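Architecture and fold: a report
What follows is the residue order along each chain.
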Amino acid sequence: MIKSNEHYAKLKTSYFFSDINRRVADYQKENPGKDIIKMGIGDVTRPLPEACIKAFHQATDEMAAGKTFRGYGPEQGYPFLREAIAQHDFIRRGVPMKAQEIYVSDGSKCDTGNFQEIFSFHTRVGVPDPVYPVYVDTHVMAGRTGDWKNGRYEGLYYFDGTVENGFVPDPPEEGLDLIYLCFPNNPTGAVASREQLGKWVRYAEKHGSLILFDAAYEAFIRDDRLPRSIFEIPGARNHAVEFRSFSKTAGFTGTRCAYAVIPEECRIEGPDGKTLQAGDLWIRRQTTKFNGVSYPVQRAAEAVYSPEGLRQTRELTDYYLANARVIRDTMTSLGFTCTGGENAPYIWIKTSGNSWEFFDFLLRRAQVVCTPGSGFGSRGEGYIRLSAFNDAERVREAMERITAALSV
Ligand code: PLP
């Protein structure tokens, strides 16, 4: 019989998320009348902004008429969207960027997961712990790691996120080639200051490393002192690739549109010692395995940058940030130490026992589902993540239930 990819057998996190679902399903079966509030999910709940819907409809009408119908589009995205992104997300904020440096895709999960393909198997890779599991699991699937031992994969280097460093680890002593960073962070909600990101860029300059900077939650930053892009840091254009998504910015989780930013200066070494543009290798990869984002979706994404789109997406992120504040304030007033929830939609909460114990406590006593922190890495043990992506009323109710459960 055909054999499975042996590297998939090393994966751990798939069991983790199915374990959450199983525990919730078991509880619901035992207690069919109980209303469960899911505060663990990283998916948005509000509809698409009006401006995006309007553009989406118009573009669909274009697809319905012979004269305006479009087939395959450019793999890197239509120029109208690449130009709007460069202009609004970078140039307008004082960060030089060319439209050709923007690579439109159907999601940051795919981009951050697929990017490892363009690097040598000898690449020394560093990831934070706790971590968005996609960075790690895609390395495992591609056979780029060893086995799972003591809560970590052999062959990967982990940077510890701790209360002491505010979940913004410093660069390590050893020189690594590829570094994954994510700010505002999932799962911890931590944000990195200009100085902290500057340390990583200096590190990358010293060791010739490349930083893969995941800025999927950039739109939640409200503190103007915080960098929204790694390209605000001098030197980053030579040493970083940034990933952004319309998923959380504009409610596109089910619509699918994102982009990677690969500056022209970003170079990597080929097997013959010659330097290559990282963007060229990425195009090579994408043109083989990807055929672009649909035209109506790209028009809907472009509408994010219209005056109404900018206002409506701001309202959207404000809505979730108001939820985040309620969660953070409640949990803090109950005596918990919290990270995030200020410039991020996630609140990372230190629990008294282990993550699963607190998960079970919240499920059984408050009918609230959280995400146990241990699913994001060994340094997540003893924490839970609550998500602000929910209806405001449900969030308030969840907080009332948790307050009541803890006061018994
Ligand atoms: N990066 C991080 C840190 C995320 O938390 C998520 C989604 O939860 C993604 C990327 C995926 O975004 P997309 O919907 O664009 O695939």
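Throughout what follows, the structure given in this document is the object of discussion. Throughout this description, residue numbers start from 1 for each chain and increase along the sequence as written. Where totals are concerned, whole chains, interfaces and linings use all residues; where local detail is concerned, this predicted model gives features only for residues with pLDDT of at least 70, and gives and counts side-chain atom pairs only at 80 or more. Here the side-chain values reflect all heavy atoms present in the structure, with hydrogen atoms and water set aside.

The next thing to look at is the overall build of the chain. Across its full length, the chain carries 13 helices and 17 strands. We compute the radius of gyration from the C-alpha atoms alone; for a globule the expected value is 2.2 Å times N to the 0.38, where N is the number of residues. Taken over C-alpha atoms, the radius of gyration comes to 21 Å for the chain, in line with the 22 Å a tight globule of 408 residues would show. Each of the three principal axes of the chain carries a C-alpha extent, and together these read 65 × 55 × 50 Å. Burial here depends on accessible area, computed with a 1.4 Å probe over protein chains only, as a share of the maximum for the residue type. Under 20% is buried, over 50% is exposed, and the range in between is partly exposed. Counting only residues that meet the buried cut, the chain has 55% of its 408 residues in that class. We call two residues in contact whenever any of their non-hydrogen atoms come within 4.5 Å of each other. Put simply, 73% of the contacts in the chain that link residues at least 6 apart link residues at least 24 apart. Under the convention used here, a 1.4 Å probe and the Shrake-Rupley method define accessible areas, while residue burial counts only the protein chains that appear. A total of about 18200 Å² of accessible surface is found on the chain, and carbon and sulfur atoms cover 51% of it. In summary, the charge assignment counts Lys and Arg as positive and Asp and Glu as negative, without counting His or the chain termini. Note on charges: their place is set at NZ of Lys, CZ of Arg, CG of Asp or CD of Glu. Here the chain contributes 50 positively and 52 negatively charged side chains, and the mean placements of these two sets differ by 2 Å. By definition, any uninterrupted DSSP run of H or I lasting at least four residues is a helix, any uninterrupted run of E lasting at least two residues is a strand, and each is numbered from the N terminus.

The subject of this paragraph is the sheet that holds strand β2 (residues 102-105). Across the sheet, seven strands lie side by side as β2-β10-β9-β8-β7-β3-β6; this open sheet has mixed pairing. Of all the strands in the sheet, just β2 and β6 (156-160) have a single pairing partner and so form its edges. Put simply, the sheet's adjacent strands are angled 20° from each other on average, direction ignored. Note: strand β3 (residues 125-129) against β6, five bridges, orientation parallel. Residue pairing in the sheet places P128 in a bridge with F159 of β6. A pair of strands counts as paired when DSSP detects no fewer than two bridges linking them. Throughout, an axis means a line fitted to C-alpha atoms (over the contacting stretch in the case of helices), and angles, computed between N-to-C directions, take values from 0 to 180 degrees.

The disulfide criterion is simple: two cysteine sulfur atoms within 2.5 Å. Scanning all chains against the criterion turns up zero disulfides. This cysteine, C257, is not joined by any disulfide, and C52 carries the nearest cysteine sulfur, 10 Å off. Owing to a relative accessible area of 1%, C257 belongs among the buried residues under this scheme. Not part of a disulfide, C338 finds its nearest cysteine sulfur in C370, a span of 13 Å.

Each pair of aromatic rings taken from Phe, Tyr and Trp, with Trp reduced to its six-membered ring, is defined by centres within 6.5 Å and is described as stacked if the planes are under 30 degrees apart, edge-to-face if over 60, and tilted in the remaining cases. A full pass over the atoms with the stated rule returns 31 aromatic pairs. Taking 6.5 Å as the distance between ring centres and 75° as the angle between the ring planes, the aromatic pair formed by F17 and F376 counts as edge-to-face. With F17 in helix α1 (residues 13-30) and F376 in the loop between β16 (371-372) and β17 (383-387), the pair connects residues that are 359 residues apart, well separated along the chain. According to the relative accessible area criterion, F376 is buried, its value standing at 3%. Judged by centre distance (4.9 Å) and plane angle (65°), the rings of W148 and Y153 are edge-to-face. Overall, the relative accessible area of 4% leaves Y153 in the buried class. Linked through ring pairs, F16, F17, F167, W348, W356, F359, F376 and Y383 together constitute an aromatic cluster.

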